[in-house]
Amino acid sequence: MNERIATQRDGLLAFSHHHLRRDVKWNLAQNFASRKLQPMERAAEGLANMLAAEKPAFLADERIAYIRTVKQIPDLYTEEEMTALRAKAYYHEKGVVFNFSPDFGSTIKAGLLARKQEIQARMKRATDDNDQEGQEFLASALCGINAVLDLADRYRQAAVAAGRDELAKLLARVPAYGASTFHEALQFLRILHYTLWCEGEYHVGIGRFDQYIYPYLKADLDAGRISKDEAYDLLAEFFLSFNRDSDLYVGVQQGDNGQTLMLGGCTRDGQDAYNLLTSMCLEVCCELKLIDPKINLRITPRTPLSVLELATQLTKQGLGFPQYSNDDVVIPALVKFGYELEDARDYSVAACWEFIIPGCGMDIPNIGAFSMPRMVDTVMRSSKAKTFDDFMADVRQQTRAEADKLEASLSNVDMLPGPFASVLCTGRIDTARDVSRGNKYNNFGVHGTGLATAADSLMAIKQLVFTQKRLTLTELAAAVDNNFNGQPELLAATRYDVPKMGNDNDEVDALGTALLDAFADAWAGRRNCRGGIWRAGTGSAMYYIWHANELPASPDGRLKGHPFPANYAPSLNVRVKGPMSVVKSFTKEHLQRVCNGGPLTLEIHDSAFREADGIRKVAQLVQFFAQQGGHQLQLNAVNRDRLKEAQKHPEAYRNLIVRVWGWSGYFIELDKEYQDHVIQRVEMSMGS
Amino acid sequence: MSRGLIFEVREFCLHDGPGIRTTVFFKGCPLRCPWCHNPEGLSFAPQLLIAPQSCVHCGACKRVCPRQPGEPCRACGACSKVCPQGCRRLCGVWREPAELAAELLRDRDFFLNNGGGISFSGGEPLAQAEFLLELCPLLKPVHLAMETSGYAPLATYQRVVEHIDLVFQDLKHADPTEHRRLTGVDNAPILRNLAWLKESGHAFIARIPLIPGVTDSEDNQRRCADLLSGPSGMLRVELLPYHLGAGSKYAMAGLKYQPGFDEHAAVQPRPDLFQDRGLKCVVM
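Residues numbered from 1 in each chain as written. Chains lettered and ligands numbered in written order. Predicted model: local features only at pLDDT ≥ 70, side-chain atom pairs only at ≥ 80, totals over all residues. Heavy atoms only, no water.

Colleague: Describe in detail the sheet that holds strand S6 (residues 323-326) of chain A, supporting the description with residues and values.
Modeller: Residue and element names in this part refer to chain A. Spatially, the five strands line up as an open sheet ordered S4-S5-S6-S14-S13, and their pairing is mixed. Each edge of the sheet is formed by a strand with only one pairing partner; in this case those strands are strand S4 (260-264) and strand S13 (600-605). Shown here is a sheet whose adjacent strand axes are inclined to one another by a mean of 25 degrees, direction ignored. Direction of pairing for S4 relative to strand S5 (residues 294-299): parallel, over a ladder of five bridges. Its bridge partner being in S5, Thr 260 is matched across the sheet by Lys 294. (Pairing = 2+ DSSP bridges. Helix = DSSP H or I, 4+ residues; strand = E, 2+ residues; numbered from the N terminus. Axes fitted to C-alpha atoms, helices over the stretch in contact; angles between N-to-C directions.)

Colleague: Residue-level account of the pattern of salt bridges, with values.
Modeller: Taken as a whole and assessed by the stated rule, the structure comprises 71 salt bridges over all chains. A salt bridge links Arg 63 of chain A to Glu 230 of chain A; the shortest N-O distance between them is 2.8 Å. Of this pair, Arg 63 of chain A sits in the loop between helix H3 (39-53) and helix H4 (79-88) while Glu 230 of chain A sits in helix H12 (residues 228-241); the two residues are 167 residues apart in sequence, bridging distant segments of the chain. The closest approach of N and O atoms between Arg 207 of chain B and Glu 147 of chain B, which form a salt bridge, is 2.6 Å. Residue Arg 207 of chain B is located in strand S9 (residues 204-210), and its partner Glu 147 of chain B is located in strand S7 (residues 143-148); the two are separated by 60 residues in the primary sequence. (Salt bridge = Lys/Arg side-chain N within 4 Å of Asp/Glu carboxyl O.)

Colleague: Tell me about unusual backbone geometry, and please be specific about residues and values.
Modeller: Note that the residue after Gly 122 of chain B, namely Gly 123 of chain B, is joined by a cis bond; omega there is 10 degrees. With respect to the element layout, Gly 123 of chain B can be found in the loop between strand S6 (117-122) and helix H5 (129-139). Cis geometry marks the peptide bond from Lys 140 of chain B to Pro 141 of chain B; its omega dihedral reads 10 degrees. Its place among the elements puts Pro 141 of chain B in the loop between H5 and S7. We note that Asp 61 of chain A has phi near 65 degrees; this positive angle belongs to a residue other than glycine. Structurally, the position occupied by Asp 61 of chain A is in the loop between H3 and H4. A relative accessible area of 53% means that Asp 61 of chain A is categorised as exposed. One non-glycine residue with positive phi stands out, namely Lys 469 of chain A, at about 50 degrees. (Buried < 20%, exposed > 50% of the residue type's maximum accessible area, 1.4 Å probe, protein only.)

Colleague: If you had to explain the nonpolar core to someone new, which residues and values would you point to?
Modeller: Grouped together as the largest cluster of nonpolar side chains are 184 residues, with contacts concentrated most on Ile 108, Phe 182, Phe 209, Ile 213, Phe 239, Phe 391 and Ile 461 of chain A. Element by element, the count of residues in this core is highest for helix H7 (residues 132-161) of chain A, at 12 residues. When sequence neighbours within four positions are dropped, the list of residues in contact with Phe 239 of chain A reads Phe 209, Leu 261, Cys 281, Val 284, Cys 285, Leu 288, Asp 292 and Pro 293 of chain A. Ala 101, Trp 196, Phe 204 and Leu 210 of chain B belong to the second largest nonpolar core, which has 47 residues in total. (Core = buried A, V, L, I, M, F, W, Y, C linked by side-chain atoms within 4.5 Å. Contact = heavy atoms within 4.5 Å.)

Colleague: Can you explain the packing of aromatic side chains? Please cite residues and give values.
Modeller: All names here are of chain A. Under the counting rule described, the total for this entry stands at 28 aromatic pairs over all chains. For the ring pair Tyr 66 and Tyr 194, a centre distance of 4.9 Å and an interplane angle of 90 degrees mean the geometry is edge-to-face. Of this pair, Tyr 66 sits in the loop between H3 and H4 while Tyr 194 sits in helix H9 (residues 182-199), placing them 128 residues apart in sequence. In this structure, Tyr 66 and Tyr 194 share a single accessibility class: buried. (Phe/Tyr/Trp six-rings, centres within 6.5 Å; stacked < 30°, edge-to-face > 60°.)

Colleague: Tell me about H9 of chain A, and name the residues and values.
Modeller: An α-helical turn contains 3.6 residues, so a residue and the one three or four places further along point in the same direction. Residues and elements named next belong to chain A. The first and last C-alpha atoms of H9 sit 26 Å apart over 18 residues, in line with the 26 Å expected at 1.5 Å per residue. Among the 18 residues in H9, 18 count as buried, and that is most of the element. Where H9 terminates, the next one or two residues include Gly 200, which has phi positive at roughly 105 degrees. (Expected span 1.5 Å × (residues − 1).)

Colleague: Give me the interface of chain B and chain A: which residues, what numbers.
Modeller: Contacts between the two partners involve 44 residues from chain B and, on the opposite side, 41 residues from chain A. Both sides of the chain B and chain A interface together cover about 3,800 Å² of buried area, and 53% of this is carbon and sulfur. The largest contributions to the chain B side of the interface with chain A come from Glu 11, Phe 12 and Leu 14 of chain B, which together make up 16% of the buried area. Ionic pairing is found between Glu 103 of chain B and Lys 577 of chain A, a salt bridge with its closest N-O pair at 3.5 Å. Applying the counting criterion to the chain B and chain A interface returns 15 residue pairs in polar contact (both at pLDDT 80 or more). Elements supplying a minimum of two residues to the side of chain B that touches chain A: strand S1 (4-11), helix H1 (60-64), helix H2 (78-82), helix H4 (108-114) and strand S10 (234-241) of chain B. Among the elements that make up the side of chain B that touches chain A, the one with the highest residue count is S1 of chain B (four residues). Looking at the side of chain B that touches chain A, its residues break down into 22 nonpolar, 12 polar and 10 charged. (Buried area = accessible area lost by both parts, 1.4 Å probe. Polar contact = N/O pair within 3.5 Å; in protein donor to acceptor, adjacent residues only side chain to side chain. Nonpolar A, V, L, I, M, F, W, Y, C, P; charged D, E, K, R; others polar.)

Colleague: Any chance you could break down the environment of Ile 6 of chain B for me, citing the residues and the numbers?
Modeller: Residue and element names in this part refer to chain B. Positionally, Ile 6 belongs in strand S1. Distance from Ile 6 to Gly 41, taken between C-alpha atoms, is 8.9 Å for residues 35 residues apart in sequence. Here Ile 6 is in contact with Val 24, Phe 25, Phe 26, Lys 27, Gly 92, Val 93, Arg 95, Leu 100 and Phe 131, once residues within four sequence places are set aside.

Colleague: For a nonpolar patch on the surface, give the residues involved together with the corresponding values.
Modeller: Residues and elements named next belong to chain A. On the surface, a nonpolar cluster with roughly 280 Å² of combined accessible area is contributed by Met 542, Ile 545 and Trp 546. Tracing the sequence through the fold places Trp 546 in helix H25 (residues 543-550). Relative accessible area serves as the criterion here: at 48%, Trp 546 is assigned to the partly exposed category. (Patch = residues over 30% accessible without salt bridge, like charges linked within 9 Å, V, L, I, M, F, W, Y side chains within 5 Å. Areas by Shrake-Rupley, 256 points an atom, 1.4 Å probe, with all protein chains shown as cover.)

Laid out in structure tokens, this is it:
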């Protein structure tokens, strides 16, 4: 990191740009309501107003401009209007276009003026066809482009006035015209991403950045227009910019902003897509140590260890990424879901880990969530099964019943328009329809929460009720309702005598597989109300807390109030032999059938990363994961906060291994003073 | 067929040899080094480990205990099965070679393809040599490593090392009197085995724990360096400075940690003394 970037980074962390911001009390919603404006017009006027309110601002030494100066993005509907809308249809989350990844590359290449021409030409046809909706959409899209061009020109003039010649030159070119250099391409992308936030979209994935930006870098390097050092410098500044306004994205946890970036993988025709920019991105993130952009890396079992070692260096920073996905599993899975092979090869991720296709996908990959433990709980209370096989049949039936229920509740899903977002999506101008009306792919994704808790619970039922006949289902349900009070022996049996997922035990792992198969079967063949399919997945999002709170204790010995494991991971109260066994337990499932997304999550103490040798070993673990056929992996270097949490809630951190000297121990088994010592060391190592 | 008393099988041990490894911990050790960090590996019998921090006093362990008043704990493990908090753990399980090998070999292909393997640690693996000698052939051709004090009859040492691809040979103190005072045993068998190991050309790494005021003197490090110098298959010397934390598991094993030295004192690693003799040396 050179001094310029270090200074910018320090300034960012010290919020030194916050004085540029101002509060705006919008009353657009009331205005729109009184004028009875249609959604399409509101979207266009909303963006135009927001961008008009923005004032060009520059930071010292900045080479890529655009900063949010207006804190609030205007509401386009009054609360009463939203309530009325929601009474007529289901609007997911805020109801807008979100959790998607546009095709930034095509517009960066063409420029907004070219897009404008396309729209104008299409408008002629829409007028000739008397296509009312098409005309409204195209007019709004045009309005959005004009607003973007207007702000860019004000930025350019301000740059001229401020003597910022380089920026002025840059902004004379983009976003009006297609980018011709790496620098221009980055500035263009910054403007587009910034604009989508201003239109009210959120969780906008950056997509396959290393693919659509690399041609500019390569051309610059080949022509000798840029040195590699300068390219690093620009890339670092560009990545910094994702952290500049992210605190304004209120309503979610800081950091939960969906600014995901996908690296590596293969091209649309199946060639290896890893390039110089891929590794530059990993390296720059290692240096910046900031939470945005959130890096994903596509791998295969054949990915060179050197690439995985570079990625592991990033894991070492303790940011919780890169998140890995395995092309050998994900691409065939997407094809099975009905995606065309070329599109499947182009996959990226939504805000968290749901697999989506940039540009042509308008999936709602997080539309609902299934609580697997609740299904087991329900069947435990209702089943009259005499054998465990019959019990599992009841589980499968219940799974279908839950799917029926969810499907019925989501039979009328609508979305508010995003005309500028539509300009950046594939084919929307040509069809003259807003992307909110659908795109090539309109699938729904359903998370499966708490798989391990459910599988472990099933195993407890199988062993204690059906094999050992230690108690009946009714008695087990009573014990669960009573939070196992007064039955410590039973609680101990459920916790320690029954095998758990995560230890490569075939019997319990098979139950995990059966649950996921039932989950996939329950959705197979169903069409959603937007013409797509339903995709089952292994993610949990925040549901691992919510769904856990809906339940009392569970038959696996989890007590009331304790969470499920996040995503796809062993239960928190299970002691596992190590990461190899966890990987094996969680790769036996038919993952291609439940490939909505949702990573296996592994925690590795950050001391493991200290030496080159450790980096290589963690990288090999990633390779092992891919070889075993895992679909998605999130590795965490465990940090101080987790250790502090582990001190407070040791029962939830049984697997946390720490290196104490030339040896490792279970953190919770250490006396407090030693725990404190480890924490102190972690504090030191984190700063280094 | 012999049985082995094993107190843990742990995956992904990072400092026990090349690549990703699974380490088997042998229970029981003839030495009593005051800085030992694996006190549950000292005794040659199964024992109960108790971590009382999360005890909720439910009484399940007392209800199930078959012991008569005044009778010592036989480590039957009954209480460990009924404690809902997991406060009690039976440490040490008798394993048969074939059954243990089957468990370890579940990762065989990965070990073979990625330069990893299986390591033996403890306790002292050589103290259960017959078991180890039955186990090793079952694990081949997976790479095997062994961490050992080297305290064993020469013939035993030779027979086992023949099966081991990489030996981590401890050298705690060069002086026989000091060694006996510190560890309770003579270092003559260790030094004799070390001499053979060097002569054999077998691959090994020497590990020297640097205990403040105990083994980290310049004199000891110099004498260790002398012992290790000369032709051999030694890859490097690893100096392991003492870190706070060695005593953390004693209470759980019903023992008291009494190191008898100042835990907080800085150690004085002298890699130069080894390097001067042409030995590769790293401070861990």
